[in-house]
Amino acid sequence: EGHTVHGTKKDAQTYLNGKMRERDLGMYASVQHTRMETLLDGLLADYKINGKCYEWAESKVRVNLRPYFGGMKAAKIGTDQIREYIARRQQPETRTYGDGEKKRKREYGPATNATINRELALLRRAFNLGRMATPPKVGAVPFIPMLAENNVRKGFFEHEAFLALRLALPEEIRPVITFAYFTGCRKGEILGLRWSQVDLAERVVRLEPGETKNGEARTIPLVADLYEVLKLQKETREHYFPKSPWVFSRAGEPILEFKNAWESACKAAGLVDESGEPAKLFHDLRRTGVRNLIRAGVPERVAMMISGHKTRSVFDRYNIVSESDLKDAARRLGEYMAHKGTPEPAAEDARHTTGTHEA
């Protein structure tokens, strides 16, 4: 409300300065009491409202961020506390699951730099949302150091390994990894697919803005094998659970996770490392999907639109060259040179060695 100050211009300015000071002190007092619980709740609400990967974010918050930061006052969290969190995540840990007699422990190795960075990005987003709120929940965003990511995975599936894994998975998961293998789509995008997005007549799947990680719409063409898979999925759905909107489901209910089934299938298919642990990630299917598109002759720009890569640098990381690719390149070069009529180097060397020359 307006207020009339009787006096000089200096008196009016003094009054205004005093009111602004009261406002700032009140705001300062309110942000001093905000706990990280509130900021993390706001983060998850933002993910849910905007249709982002809520399940992924909720898992990161519940398992890692909330147990460590949840009870702290946001104003008390600085770079030192964040570095302590990083140091903790870089150490092996033991987690306890279940209650009573069903309680069990599981050992986890140190988190990778990439994993920690994704968690720190969530933390920064929580602070930024709190700062932009009206009234603000925090006065400032602390400096959050990020780690160097020199542990980028190069994994992908050769076709035989993909077939072996698919055979070892539960029946309801097989179509999921088939879709990933042919398209390079993200797991969240695949598990969230609804039948309203599938056009079997046109043989395409449409992802609308807000349904993708980068917020851009995409149209994904269906190759013959993938078309048959989705056709069978629809027939099964119409026969057993016609009201289910999900393309991939467990008896009509959405599939939220299948980590245990994945690990068991990897071991059954022999896709393990030296310690006997699964050597493959679901994300390796995304790399494989990109690689399949390029090897099939799809222009890179089109392949990026199908897989949902916005930047060329990240796309190039996924476009992996394997040993079989190199051998195939050598074979093609040999065929090309033979077609050109160029003598093979070995034959040329032999002629020089024996002293024979063409006339």
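Refer to the structure presented above.
From a predicted model like this one, the values you see are computed outputs, not experimental measurements. Per chain, residues are indexed from 1 in the order of the written sequence. Where totals are concerned, whole chains, interfaces and linings use all residues; where local detail is concerned, this predicted model gives features only for residues with pLDDT of at least 70, and gives and counts side-chain atom pairs only at 80 or more. Excluding hydrogens and water, the side-chain values take into account all heavy atoms of the structure.

### With respect to the packing of helix α7 (residues 174-183) against helix α9 (residues 224-240)
Item 1. A fitted line through C-alpha atoms represents every axis, and for helices the fit uses only the stretch in contact; the resulting angles, taken between N-to-C directions, go from 0 to 180 degrees. Only DSSP runs of H or I covering at least 4 residues are called helices, and only runs of E covering at least 2 are called strands; the numbering of each starts at the N terminus. Running from amino to carboxyl end, α7 crosses α9 at an angle of 155°, the nearest separation of the two axes being 10 Å. For the element pair α7 / α9, the angle class is roughly antiparallel. For the crossing formed where α7 meets α9, the hand is left-handed. In this structure, α7 uses P175, T178, F179, F182 and T183 to contact α9, whose residues at the interface are D225, L226, V229, L230 and Q233.
Item 2. By residue class, the composition of the contact of α7 with α9 is six nonpolar, three polar and one charged. Oblique is the label for every angle not falling under 35 degrees (roughly parallel), over 145 degrees (roughly antiparallel), or within 65 to 115 degrees (roughly perpendicular). With the far helix as reference, a near helix turned anticlockwise by less than a right angle produces a left-handed crossing, and one turned clockwise produces a right-handed crossing. Any two residues whose heavy atoms approach within 4.5 Å at even a single point are treated as in contact. We call Asp, Glu, Lys and Arg charged. Ala, Val, Leu, Ile, Met, Phe, Trp, Tyr, Cys and Pro are nonpolar, and the rest, Gly among them, are polar.

### Let's talk about the sheet that holds strand β3 (residues 198-199)
Item 1. Two strands qualify as a pair provided DSSP detects at least 2 bridges between them. The three strands lie next to each other as β3-β4-β5, forming an open sheet whose pairing is antiparallel. Either end of the sheet is taken by a strand with one partner, and the two such strands are β3 and β5 (218-221).
Item 2. Judged from the two bridges that link them, β3 and strand β4 (residues 204-207) form a sheet pairing that is antiparallel. Looking across to β4, one finds that V198 is bridged to V205.

### Details of the pairing of β5
Item 1. Alternating positions in β5 separate cleanly, R218 and I220 being buried on one face and T219 and P221 remaining unburied on the opposite face.
Item 2. Direction of pairing for β4 relative to β5: antiparallel, over a ladder of four bridges. For V204, the partnering residue across the bridge sits in β5 and is P221. Buried residues are those whose accessible area, probed at 1.4 Å on protein chains only, stays under 20% of the maximum for their type, while exposed residues exceed 50% and partly exposed ones sit between those limits.

### Notes on helix α2 (residues 36-49)
Item 1. Over its 14 residues, α2 runs 20 Å from end to end, which matches the ideal 20 Å to within 8%, given 1.5 Å per residue.
Item 2. Its buried side turned inward, α2 meets α3 (54-69) and α5 (113-132). Under the convention used throughout, the expected extent of a helix is 1.5 Å for every residue step, that is, one less than its residue count.

### Notes on unusual backbone geometry
For residues other than glycine, phi is negative in most cases, and the peptide bonds are mostly trans.
Item 1. Note the cis peptide between T134 and P135, where omega equals -5°.
Item 2. Within the secondary structure layout, P135 lies in the loop between α5 and α6 (159-168).
Item 3. With phi around 60°, R203 is a residue other than glycine that occupies positive phi space.
Item 4. Relative to the assigned elements, R203 resides in the loop between β3 and β4.
Item 5. Using a relative accessible area of 36% as the deciding quantity, one classes R203 as partly exposed.

### Some words on the layout of surface pockets
A water-sized probe rolled over the atoms picks out the places where empty space is left.
Item 1. For each structure, a 1 Å grid was placed over the protein atoms alone; sets of points admitting a 1.4 Å probe that cannot get out are labelled cavities, open sets with protein on both sides within 12 Å along at least five of seven lines are labelled pockets, and lining residues have an atom within 4 Å of a point. Grid points are joined across faces, edges and corners, and a volume is the space filled by probe spheres set on the points. Here the second largest pocket is characterised by a volume of approximately 380 Å³.
Item 2. In terms of lining residues, the second largest pocket is bounded by 17 residues, among which E171, E172, P175, Q233 and T236 are the most central.
Item 3. Those elements giving two or more residues to the lining of the second largest pocket turn out to be α7 and α9.
Item 4. Here the lining of the second largest pocket takes five residues from α9, the largest share from any one element.
Item 5. In the lining of the second largest pocket, the residues fall into eight nonpolar, four polar and five charged.

### Focus: the side chain of Q233
Item 1. Mapping Q233 onto the fold places it in helix α9.
Item 2. The contact partners of Q233, leaving out residues within four places of it in the chain, are P175, W195, V247 and F248.

### Quick word on helix α11 (residues 283-295)
Item 1. Across its 13 residues, α11 extends 19 Å between first and last C-alpha, which sits within 8% of the 18 Å expected from 1.5 Å per residue.
Item 2. With 10 of 13 residues buried, α11 is to be regarded as a mostly interior element.
Item 3. Along α11, the positions that sit buried rather than exposed are D284, L285, R286, R287, T288, G289, V290, R291, L293 and I294.
Item 4. Note on α11: the residue one or two positions beyond its end, G297, has a positive phi of about 90°.

### Section: the pattern of salt bridges
Item 1. Every case where a carboxyl oxygen of Asp or Glu lies within 4 Å of a side-chain nitrogen of Lys or Arg is listed as a salt bridge. With the rule as written, the count across this model stands at 12 salt bridges.
Item 2. In this structure, E37 and R66 form a salt bridge, with 2.5 Å as the shortest nitrogen-oxygen distance. One end of the pair, E37, is in helix α2; the other, R66, is in helix α3, with 29 residues separating them in the sequence.
Item 3. Note that R186 and E189 form a salt bridge whose closest N and O atoms lie 3.0 Å from each other.
Item 4. The exposure class assigned to R186 is buried, which follows from its relative accessible area of 16%.
Item 5. Put simply, K60, R89, E93 and E119 are held in one network by salt bridges that share partners.

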